[in-house]
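# A structural walkthrough
Listed here are the chains, written in short residue letters.
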Amino acid sequence: MSAGPAQPETAPEDFFRTDIRLGTIVRAEPFPEARKPAIKLWVDFGPEVGERKSSAQITDHYTPETLVGRRVLGVVNFPPRQIGPVRSEVLVLGVTDADGSILLLNADGDAPNGARVS
C-alpha cells in the first residue's frame, strides 16, 4: 500500500500546536460494538494529562492482552470524538504496513509518561 504523496508545506508553529505525548497502555478491551474491528484503550499520559480513553483499529497486529504495558504516542489536544458508545479522548498514532494494517508508534528509552514530542 502506498503512503501517498507528501502533504503541502506547513509552518513549524502549526506542528508544535499539536500536543503529542508518550503514554503507557494500562487497560485494553475488545470493542465488538465498533463498525470496524477495534480495541478500546486506556492510556496513562502522566500526571499533567492523566489517563485517556481511545478506540483504535489495530486488531490485525494486536490483541488486548498484548497491549497492556506497551508505550505509545498519542495526540492529547484534539477534541473528544464519540465512536459508538466510546468517547475517544486521544488519537493514538500509528503507521500503515504494506498490507494497510496499523502499527503503533512508540519511543525508545525510558522517557516518562507525558513526555512531549519535540
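Preceding this section is the structure that the text describes.
Read on for a plain summary of the structure.

Criteria and cut-off values
- Residues numbered from 1 in each chain as written.
- Predicted model: local features only at pLDDT ≥ 70, side-chain atom pairs only at ≥ 80, totals over all residues.
- Heavy atoms only, no water.
- Helix = DSSP H or I, 4+ residues; strand = E, 2+ residues; numbered from the N terminus.
- Rg over C-alpha atoms; globule rule 2.2 N^0.38 Å.
- Pairing = 2+ DSSP bridges.
- 1 Å grid on protein atoms, 1.4 Å probe; cavity = no way out; pocket = protein on both sides within 12 Å on 5 of 7 lines; lining within 4 Å.
- Points joined across faces, edges and corners; volume = space filled by probe spheres on them.
- Nonpolar A, V, L, I, M, F, W, Y, C, P; charged D, E, K, R; others polar.
- Salt bridge = Lys/Arg side-chain N within 4 Å of Asp/Glu carboxyl O.
- Buried < 20%, exposed > 50% of the residue type's maximum accessible area, 1.4 Å probe, protein only.
- Core = buried A, V, L, I, M, F, W, Y, C linked by side-chain atoms within 4.5 Å.
- Contact = heavy atoms within 4.5 Å.
- Phe/Tyr/Trp six-rings, centres within 6.5 Å; stacked < 30°, edge-to-face > 60°.
- Lys NZ or Arg CZ within 6 Å of the ring centre and 35° of its normal.

## Brief notes about the overall build of the protein chain
- Across its full length, the protein chain holds three helices and nine strands.
- Start at the N end of the protein chain and walk to the C end: the helices and strands fall as α-β-β-α-β-α-β-β-β-β-β-β.
- What you see for the protein chain is a C-alpha radius of gyration of 14 Å, in line with the 13 Å of a compact globule of 118 residues.
- Reported as C-alpha extents along the three principal axes, the dimensions of the protein chain are approximately 40 × 40 × 30 Å.

## Some thoughts on the sheet that holds strand E1 (residues 20-30)
- The sheet built from five strands is open, its strands ordered E3-E2-E1-E4-E7 with antiparallel pairing. Single-partner strands in this sheet number two, and they are strand E3 (51-56) and strand E7 (91-92).
- For strand E4 (residues 71-75) and E7, the ladder comprises two bridges, and the chain directions are antiparallel. Looking at E7, one finds that Gly-74 is bridged to Val-92.

## Digging into the layout of surface pockets
- In this model, the largest pocket occupies a volume close to 580 Å³.
- Along the walls of the largest pocket sit 25 residues, with Ser-55, Gln-57, Arg-81, Ile-83 and Ser-88 positioned nearest its centre.
- Elements supplying a minimum of two residues to the lining of the largest pocket: E3, strand E5 (81-83), E7 and strand E9 (102-104).
- The class makeup of the residues in the lining of the largest pocket is 13 nonpolar, seven polar and five charged.

## Section: the pattern of salt bridges
- For the coordinates displayed, the defined rule picks out six salt bridges.
- Where Asp-19 meets Arg-21, a salt bridge forms, and the shortest distance between an N and an O atom there is 2.8 Å. The residues Asp-19 and Arg-21 share a single accessibility class, namely buried.
- A salt bridge links Arg-116 to Asp-19, with the nearest nitrogen and oxygen atoms 2.8 Å apart. Highlighted residues: Arg-116 in the segment after E9 and Asp-19 in the loop between helix H1 (12-16) and E1, separated in sequence by 97 residues.

## Focus on the nonpolar core
- In this structure, Ile-25, Leu-41, Val-43, Ile-58, Leu-67, Val-92 and Leu-104 are the most contacted members of the largest nonpolar core, which totals 16 residues.
- The set of elements that each furnish at least two residues to this core consists of E1 and strand E2 (39-44).
- Of all the elements, E2 adds the most residues to this core, at three residues.
- When residues no more than four places from it in sequence are discounted, the contact partners of Ile-25 are Leu-41, Trp-42, Val-43, Leu-67, Val-68, Gly-69, Arg-70 and Val-72.
- Judged by nonpolar contacts, the second largest core, of five residues, contains Ile-20, Leu-22, Leu-73 and Leu-93.

## A word on the packing of aromatic side chains
- In total, this model carries one aromatic pair according to the counting rule given.
- Here the aromatic rings of Phe-15 and Phe-16 are separated by 5.1 Å at their centres, their planes lie at 80°, and the arrangement is edge-to-face.
- The exposure class of Phe-16 is partly exposed, given its relative accessible area of 42%.
- Above the ring of Trp-42, the side-chain terminus of Arg-27 is found at 3.7 Å from the ring centroid.

Structural measurements only, silent on function.
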